[in-house]
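Inside the fold
Listed here are the chains, written in short residue letters.
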Amino acid sequence: MKFLFADTADTVDPAFDFERTRSPRQRRVHDDDHYPHEHLIRAPYDGILLSRAAFSDHRRSGKYGAARSMRFRREGARTFLRYPEAEFPGSIVMGDCGAFSYRDADAPLYTVDDTLSFYADGGFTHGCSVDHLIFDFFTDNREPSEEARRRQEITLTLAADFYRTSVALGKRFTPMGAIQGWSPASMADAAVDLVKMGYRSLALGGMARSPTDDIELALKAINERLGASKVAIHVLGFGKVEDAPRLKRLGVTSFDTTSPLLRAFKDDRQNYFYADGNRLGHYTAVRIPQAADDRHARASAKARTVGQEELIRLERIALGAVRAYASGEGELEQTVDRIIDYVSVVLWKDKKSEKSNTAEFAKLRSIYLRSLGERPWERCDCRVCHELGVEALIFRSTNHNKRRGFHNLAVFHSLLKSQAKVSP
Ligand SMILES: [Zn+2]
C-alpha cells in the first residue's frame, strides 16, 4: 500500500538558528527551504498529492500565491517540488481538484478541460476526475437528499467526459475516477459505473472526516460489487494513520494524508511518533514557547504580571536545563521542574480555576518525565533527530514543530513499509 503526502506547502529552513530561534536574514522563502523529501535521508512517502485548490488562478487564491502558481505551471510539479523521477524512481505525483474548497458552490469550480490542462502542465502521473463533494453518509437504506443525488450525477457525468478526454495525455498518465456517494451501496454503484467507463483506478472521496468503520463499510460494498475486476483504489484524505492496515486488508492500494505532519503541532499530546513494535506509539513534545512572542503572554494574566524580563529569564533556564539534560548533564526531575516553572506562568489559563491549572501542570510534569526520561530522539535515525537531538522534542518555533512533523512522516512511512514485509 502506498502512502501519498498531501502537500500543504509546509517546508523548513535548513539554515534555521535554533540557539537564537530565527532564520538568517538572506533566506529566500521556498527557494532555500526544504520539502520533507529533500530534508530527510529517505523520502518519507511514495508520492505527493497536489490539490488544484493550493494554487492561485483567476478564480481564487491558494496557499501557493500567484507568482509561484505560474511558476508551477511553467516548470511542472517535479521541478517545482524538487522531486525528480531520477532521484525518486517510481514515485507518484497525483492531482485532484480539492472538492472541499468549493463544497458550497452549486457546481465544481473547474471544468474537465482546464483540469486536464492543469494535469498536463504539471506533468502529473495520476489525476482524479472533477468531482462534487457529498456530505451525507447513511449506513441504513434511507433515501438520499435531492442534492446528494444531483452531486453524484454531476460527478459521474464529468468522470465520463474526463476519461474520454484524458486519452490525450498519453500512457504515462493514469486517470482516476472519483467516487462520490451517500451510502456504501451508492458508492458501490458509482464504482461500477466508473469501471464501465474504462477506469482501472478509482479514488474514494468525501470520507476525509469519516470514522474508519464507515470507510470500511464503503470499501466492502465496493469490493463486493466490483468482484474480480482488477482496480486500484485510493482513499482521499485518510487521516487516521494508525488504521492504515485496516484499509490495506480491504484492498486499498494507496491513500493520502497530511496528518503525521499536522499532528506535530496541532495535537496537544500525541505529537511525536515512534514505532512501538509493529504499531504507532506517541510521546508528547515539551512545550517551551518563545517568551518574546507575546501571543503567549497575552493569553495569560500570570505572564503579564510576571513581566517580560522575568519570563525571558525563566525561558532561558528551562531551555538550558533541557539541553544540558540531553547532553548528559543535569538530572531528569530537576530538568522537568525548570520546564514547569516556566510553563506554569506562560501557559496559565485565566479561564480555568487555580485548582484545574495546578492539576494540569502536575499532569504535564508526569508526561514530560516520560518524554525526556525515555530519550526517544536517541533511538530515531531520521535526520531531524540525528541533527537536532532533543530539539526535535521541543514544541516551540515553526521550524521546531515542522521538523518534528517531518520526523513523524519518516516514522509512519517506515512503519508502513515494515508492516508490509510482515504481511505482504
Ligand atoms: Zn526522528
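Residues numbered from 1 in each chain as written. Predicted model: local features only at pLDDT ≥ 70, side-chain atom pairs only at ≥ 80, totals over all residues. Heavy atoms only, no water.

As annotated in an unreviewed UniProt entry, the chain carries the name tRNA-guanine(15) transglycosylase-like domain-containing protein and is attributed to Sandaracinobacteroides saxicola.

From N to C terminus, the chain includes 16 helices and 12 strands. At 24 Å, the chain has a C-alpha radius of gyration in line with the 22 Å of a compact globule built from 424 residues. If one aligns the C-alpha atoms of the chain with their principal axes, the spans along those axes are about 70 × 50 × 45 Å. As displayed, the chain has an accessible area near 19700 Å², and 50% of this comes from carbon and sulfur atoms. (Helix = DSSP H or I, 4+ residues; strand = E, 2+ residues; numbered from the N terminus. Rg over C-alpha atoms; globule rule 2.2 N^0.38 Å. Areas by Shrake-Rupley, 256 points an atom, 1.4 Å probe, with all protein chains shown as cover.)

With that settled, consider the side chain of Arg396. Looking at the secondary structure, you find Arg396 in the loop between β12 (394–395) and α16 (398–422). A polar contact is formed between the side chain of Arg396 and the backbone oxygen of Ile288, at a distance of 2.9 Å. At a separation of 3.4 Å, a polar atom in the side chain of Arg396 contacts the main-chain carbonyl oxygen of Pro289. Those residues in contact with Arg396, other than ones at most four positions away along the chain, are Thr21, Ile288, Pro289, Gln290, Glu315, Leu319 and Asn401. (Polar contact = N/O pair within 3.5 Å; in protein donor to acceptor, adjacent residues only side chain to side chain. Contact = heavy atoms within 4.5 Å.)

Take the sheet that holds strand β4 (residues 126–128) next. Spatially, β1-β2-β3-β4-β5-β6-β7-β8 is the arrangement adopted by the eight strands of the closed barrel, whose pairing is parallel. Each strand axis lies, on average, 25° off the axis of its neighbour in the sheet, ignoring direction. As defined by bridge partners, strand β7 (residues 232–235) adjoins strand β8 (residues 254–257) across two bridges and the pair is classed as parallel. Bridged to Val235 within β8 is Phe255. Across the sheet, helix α5 (residues 146–166) is in contact with β4 and β5 (174–179); its angle to β5 comes to roughly 175°. Taken strand by strand, helix α6 (residues 184–197) contacts β5 and β6 (201–204), and its axis lies near 155° from that of β5. (Pairing = 2+ DSSP bridges. Axes fitted to C-alpha atoms, helices over the stretch in contact; angles between N-to-C directions.)

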